[in-house]
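# Residue-level structural notes
Listed below, chain by chain, are the residues.
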Amino acid sequence: MENETLGIYCNLDIGLLCTNSNFKCPDFEIQLKCYNESCHTTIAPETEATTPNTKIVPCKNMPPEESCLSCDSGKYCFNGSCIQEELCPCVHHNTYYQNETWTTGAPNCQECSCTYGDRFCKPEQCEFTPESCDINTQTYVKYDPNSCCGSCQCNCPIGSNLCSSDPCQCIASNRWCDGINDCNGYDEINCNFTTPKPTTAYTTISVPEISGRSHPLVPKLPTICNYKGKYYLGDQDMIDSDKCTKCVCQEGGIMVCNSNNCSSECTLYIGDKLKTYDGYVYNYPTCNHVLTEDCVGGTFKVVVSTNCPTGQNEYNYRVCNRTVMVTTSEKNVTLQNSCSAIIDGNTYDCGAFKTLSHDTNKMQRTHGFTISSVGDEIIVESKEFAVLWRPGTQQVRVVVKPSTRGKLCGLCGSNNNTNNKLMKRDKNISNNIQEFGNSWAESGKQCNISKCENETYNICTQLGSIFPKCHDSFLAQKNMETCLDLMCQCNKSSMLRDCECMAMSEYISTCHRTAGVVHYENWRYAQGCGCDCIPPKICKECASGCPKTCSNIMQYANTQDREHQCTKPCISGCFCPDDMVLDGLNCVKPKDCEQCKCQGYGSTHFTTFDKHSYTFEGNCTYILSRSKPHTYPKYEILADITNCAQPTAKCLQSITVRLNSTDEITLMKNLKVSAKGITTIAPVDISSDIQVTIKSQETLQLVIKSVNIIVTYTYLDNGFTIKVPVTRYHNKTEGLCGNCNEHPNDDLTEPDGTITNNINEFGNSWKINGSSCVTPSTLCTPPNCCKHNETTNQCDIIKTVFKKCHIMIEPTSYIDSCVHDTCNNRGPCDAIKAYSRDCKQAGVCIKWQNNMLQCAYKCAAPMVYEECGTVCNKSCSLGQNSDTCSENGGCRCPDKYLSHQGTCKIPTNCTCATCPPTPPPVCPSPYQKLVKQEDCCGTGKCVCQPCPQLPTCPSAHIPMDTIFDPTCNCSVRNCVRNYCPNGKPVGSTWKVNNCTTCKCEDVNLVTCRNKTCPDFNTNCPLQHVEWDSEHCCKKCNEPILEKCHVKNDTAILSVDDCESVIPVSITNCSGRCTSNSRYVKNKLQVDCTCCTPKQTLMLDIQMKCTNGTTYTHKHTKITSCKCFSSNCETILY
């Protein structure tokens, strides 16, 4: 008998044992119940010992043994016993360890384990380190002088006492024991009051009287609270999983929590069930109703609408669309039944959310909210609220900050800690759900959601048993009702098993979000429910609501900082693996994040990596961007800006890229590329690492794959784009593009480190030494020399036609650049085209060319221009099966034409192409061969040959192949052992003992599984104890004895030489009666009962004797039996 919670164990040999130092063992009274059965001990007969002729082998790393007479083959002698090899111990500092783990302590600080007599050690891992302590409030203290680990202990100033250790909180000493609860009552415990408090509290336990004696008072046990499946001592306080709610365990085992300063959540489920901010749950069909609203300040409003097809009289979540409209003081956002949103009348899909959530501070400031896609949910978040919309199940959750308490209204309630007071639109309180809900309708339309009162689904009643760890985490009954609603709505149009998986998913999500911990990470596999995530995304059951993205990867020092600042609850759904981050809707390696982007257009307008826009009138060769000293790989990107034919016009003649001072590539007009002293026409592979491709008729793109640097040059717009990975070059760049540190205030930094506000000084400081430059003429700077007129009116197209893009890309700098160019007779086209291009990249394509024909892209005949979508051209030189594509529109050859060097040709005229003098490429791989291509110019191409055959590994080894040559994917082979350190093959299993089975999982991984035995009745008589087939678990096969009853047999009654004429009923009392024994003041009192007759009946039986005579015999028949007391001996000790 044991109580693990209190640490109290009852052992019939030694009595009570307390293992928890926090408790005192009270004087328990023990009652022993005995059965009226005698005990039997079975002694096995002795057999003659045999001595096999075997050699005595000691365990590994042990001295020779003489304590064993002999051991069977395969067994080892240790301390006088023959044991299996897996039971052989290890010795450390004169202490034996057998299949266990131990720590050595200081100074070695190792954690060791013993397997098959071999000791394996690794550095000890401590939960806390000096670095994990807050240097301002905590001190790292070791557990003891010999320990390698310690803990972070709070530092309280003199004159104060520690109130809370997580986080550290100290209060003045004079507030301790002042009768006021300052630390959840912890400061008012063990105080010296005028009337001393008793040190031991007693309570009377009602028990039956035995032998005329009443029981003594029993000491009262310590207060223990069970909260969400965990146990807490009386007066112990804790912070709940929401990182805000403060709870304290009070007398009576009641956990009292205070969440007045915490966020509140309202939930609308798949059917018509709704839970208010204050926890009140009710059913009401929502059709077009106010879910929640700021009724005091009018800062936000959330309306839920349900639209069903014509003729659909009942709500069905598969065919009816539920939408959520969020209104702030700045914008209207409608979340649709798909991964999309309507913002101010314009529709944006989830791909656009990357831009909307990129700069959250700017979004909050300019639009009043942010929108993002996390897991299976779309989140609209503002300073006071967050709306979490799950399109898959049409569930809506609204989380509001404490500042909104008492200010809200709608179906979600007022968030004022009242459980059932529901305020109508006219501010009157109603307890009638229908009346309350109708008052918040936005229109007269009513919804008819079918009821499911008579529907039953087994899965809903089984959730508690399938997921027992969730039972104490939240209100299981309410969630069972929610399950029934979900199953009812889902089963109308889906397979039953799919609905059951959806119900389990919702249940688990609520459990994990409430508990703040993942209880069942792999439940889908165990229950046979699939995961619909598209690789590399994986299912996660309680992932962070603030996942790591390319946008925030450099914002936080570590994961803990991001989680600490995250105010969103955990979310289930499809997430990136731990080694990848989110880039829009895709998962990428952190090194592949291209978050630092610098661009320019019109040769004079620049936007730095950190989004600082400026205009610089250059006329020279400048450093756009380069890596700072001691940064590798080194790169440098130059721009050659010169005067054009028009006096005031500027032209971006070329872009030059240098890598590690070894490669230099120049992108020029008319799709020309210069490298290694040779000029050719794109596309061209400079090397296996550097490629130049054609993105559109006028755009070249250079990619350096090893460092993920991308440079584009659009010569018709005099524009460029530079992308560098933020993880590699954060705050490690300089030049006209700035330093890529997310702080635009220091972007205008000169080479000597000086930060200036003078654009001309800054720009000229990055001129290339020795380049011939012409001083630019003085230009007009709006608005001083240029008024708003018909010329500048052309820039209004950015304000009007491109309005849908304003929420994605701030238009102000483009409008200013447009006005600047028009005032200086350069026209508006560069700025308009740049804004159009950036909007396309953000996911918004605007067809504008018919509104501004003078700026429209013109393609060489017979090409046609496509404004939106992906444009692909089959290449003449690469064959008809190869395409070159532009993702954001461009010039397209008509059908039946092939593209060659920016022109369209019919296939038969490919040989008419002009072939530039290009040297044969040098193959980078030794496994490649130069092969002549069947194209217009007969160019050579490096083609991979078959890789050499790999050697065969010896026995007990497996091949480990690694890529030696990534170009041709040729491998080298290493042969590694295929067995564990104990010599067992990988995949093999063995028994350590009757209850433990181990398996060699990998060459360095052995896992062991202990069989869990069912509960065993220790009172089972020895003759009824049996072992299972593995001799691991005991079970009791004691027959079930019948209670005391009448047993009736029919037979011929014999008395002396006479027998009954007919068979007679012969009865007896048979069955089980119990006895009770107890010690009272060392005197054993025993009450014994026996199965004896209670009622009898006298019968007259005709008897016939052997001498021929007959007579009547009186025969007693038992009609009922009962357990009656009998005298037992009383023993004194």
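Just so you know, these numbers come straight off a predicted model, no measurement behind them.

## Focus on the side chain of Thr 712
Checked against the element boundaries, Thr 712 lands in strand 55 (residues 709–714). We classify Thr 712 as buried; its relative accessible area is 13%. Setting aside its immediate chain neighbours within four residues, Thr 712 contacts Thr 699, Leu 700, Gln 701, Gly 719, Phe 720 and Thr 721.

## Things to note about a nonpolar patch on the surface
Where nonpolar side chains cluster on the molecular surface, the patch consists of Ile 958, Met 960 and Val 976 and spans about 210 Å² of accessible area. On the secondary structure map, Met 960 appears in strand 66 (residues 957–965). According to the relative accessible area criterion, Met 960 is partly exposed, its value standing at 44%.

## Examining the state of the cysteines
Here is the idea: a disulfide is a covalent bond, and it sits between the sulfur atoms of two cysteines. Using the criterion set out here, one finds 37 disulfides in the structure. Paired through a disulfide, Cys 126 and Cys 149 show a sulfur-sulfur distance of 1.9 Å. Torsion about the S-S bond of the Cys 126 and Cys 149 cystine: about -75 degrees, corresponding to left-handed handedness. Here Cys 126, found in the loop between strand 11 (118–123) and strand 12 (138–142), pairs with Cys 149, found in the loop between strand 12 and strand 13 (150–154); they are 23 residues apart in sequence, far enough to count as distant. Classification of Cys 149 as buried rests on a relative accessible area of 8%. Residue Cys 133 pairs covalently with Cys 152 via a disulfide, S to S 2.0 Å. Because the torsion about its S-S bond is -85 degrees, the bridge between Cys 133 and Cys 152 counts as left-handed. Within this pair, whereas Cys 133 is found in the loop between strand 11 and strand 12, its partner Cys 152 is found in strand 13, the two being separated by 19 residues in sequence. Of the two residues examined, Cys 133 and Cys 152, each falls in the buried class.

## Things to note about the confidence of the model for the protein
Looking at the protein as a whole, its pLDDT mean stands at 77, while 79% of the residues score no less than 70. pLDDT under 50 marks residues 193–219. Its contacts with residues more than four places away, or in other chains, come to 22 contacts. Across residues 1129–1133 the pLDDT falls below 50, and counting only partners more than four positions away or on other chains, this stretch makes nine contacts in the model.

## With respect to the environment of Val 304
By secondary structure assignment, the location of Val 304 is in strand 27 (residues 300–307). For Val 304, a relative accessible area of 1% puts it in the buried group. Placed 15 residues apart in sequence, Val 304 and His 289 show a C-alpha to C-alpha distance of 5.6 Å. Discounting chain neighbours no more than four positions away, the residues touching Val 304 are Leu 268, Thr 286, Cys 287, Asn 288, His 289, Leu 291, Arg 322, Thr 323 and Val 324.

## Overview of helix 4 (residues 458–466)
Buried within helix 4 are the following residues: Ile 459, Cys 460 and Leu 463. All buried residues of helix 4 lie within an arc of 95 degrees about the axis, which places them on one face of the element. Relative to its buried face, helix 4 has exposed residues pointing more than 90 degrees away, namely Asn 458, Thr 461 and Ser 465.

## As for the packing of helix 13 (residues 812–823) against helix 14 (residues 829–841)
Pairs of packed helices are described in terms of their axes, by the angle between the two and the distance that separates them. Taken N-terminus to C-terminus, the directions of helix 13 and helix 14 make an angle of 160 degrees; their axes are 8 Å apart at the nearest point. What the angle tells us is that helix 13 and helix 14 run roughly antiparallel. On the side of helix 13, the interface is formed by Tyr 814, Ser 817, Cys 818 and Asp 821, while helix 14 contributes Asp 830, Ala 831, Ala 834, Tyr 835 and Asp 838. Looking at the contact of helix 13 with helix 14 residue by residue, the class counts come to five nonpolar, one polar and three charged.

## Some words on the packing of aromatic side chains
The final tally for this structure, using the stated rule, is 17 aromatic pairs. Plain terms: the ring middles of Tyr 857 and Tyr 865 are 4.9 Å apart, the flat faces sit at 20 degrees to each other, and that makes the pair stacked. Tyr 865 shares its class with Tyr 857; the two are buried. Here the aromatic residues Tyr 601, Phe 802, Tyr 814, Tyr 835 and Trp 848 are joined through ring pairs into a cluster of three or more. Over the face of the ring belonging to Tyr 348 we find Lys 804, whose NZ or CZ atom lies 5.8 Å from the ring centre. The ring of Tyr 857 carries Lys 833 above its face, with NZ or CZ at 4.4 Å from the centroid.

## A few points about the nonpolar core
Leu 291, Leu 335, Ile 371, Val 387 and Met 808 are the most contacted members of the largest nonpolar core, which totals 74 residues. Looking at which element gives the most residues to this core, the answer is helix 14, with six residues. Non-local contacts of Met 808, meaning those with residues more than four positions away in its chain, are made with Tyr 348, Ala 352, Thr 355, Leu 356, Ala 842 and Val 844. Residues Cys 620, Leu 652, Val 726 and Tyr 729 belong to the second largest nonpolar core, which totals 53 residues.

Thresholds applied
Residues numbered from 1 in each chain as written. Predicted model: local features only at pLDDT ≥ 70, side-chain atom pairs only at ≥ 80, totals over all residues. Heavy atoms only, no water. Helix = DSSP H or I, 4+ residues; strand = E, 2+ residues; numbered from the N terminus. Buried < 20%, exposed > 50% of the residue type's maximum accessible area, 1.4 Å probe, protein only. Contact = heavy atoms within 4.5 Å. Patch = residues over 30% accessible without salt bridge, like charges linked within 9 Å, V, L, I, M, F, W, Y side chains within 5 Å. Areas by Shrake-Rupley, 256 points an atom, 1.4 Å probe, with all protein chains shown as cover. Salt bridge = Lys/Arg side-chain N within 4 Å of Asp/Glu carboxyl O. Disulfide = S-S within 2.5 Å. pLDDT = per-residue confidence, 0-100. Arc of directions from axis to C-beta. Axes fitted to C-alpha atoms, helices over the stretch in contact; angles between N-to-C directions. Parallel < 35°, antiparallel > 145°, perpendicular 65-115°, else oblique. Nonpolar A, V, L, I, M, F, W, Y, C, P; charged D, E, K, R; others polar. Phe/Tyr/Trp six-rings, centres within 6.5 Å; stacked < 30°, edge-to-face > 60°. Lys NZ or Arg CZ within 6 Å of the ring centre and 35° of its normal. Core = buried A, V, L, I, M, F, W, Y, C linked by side-chain atoms within 4.5 Å.

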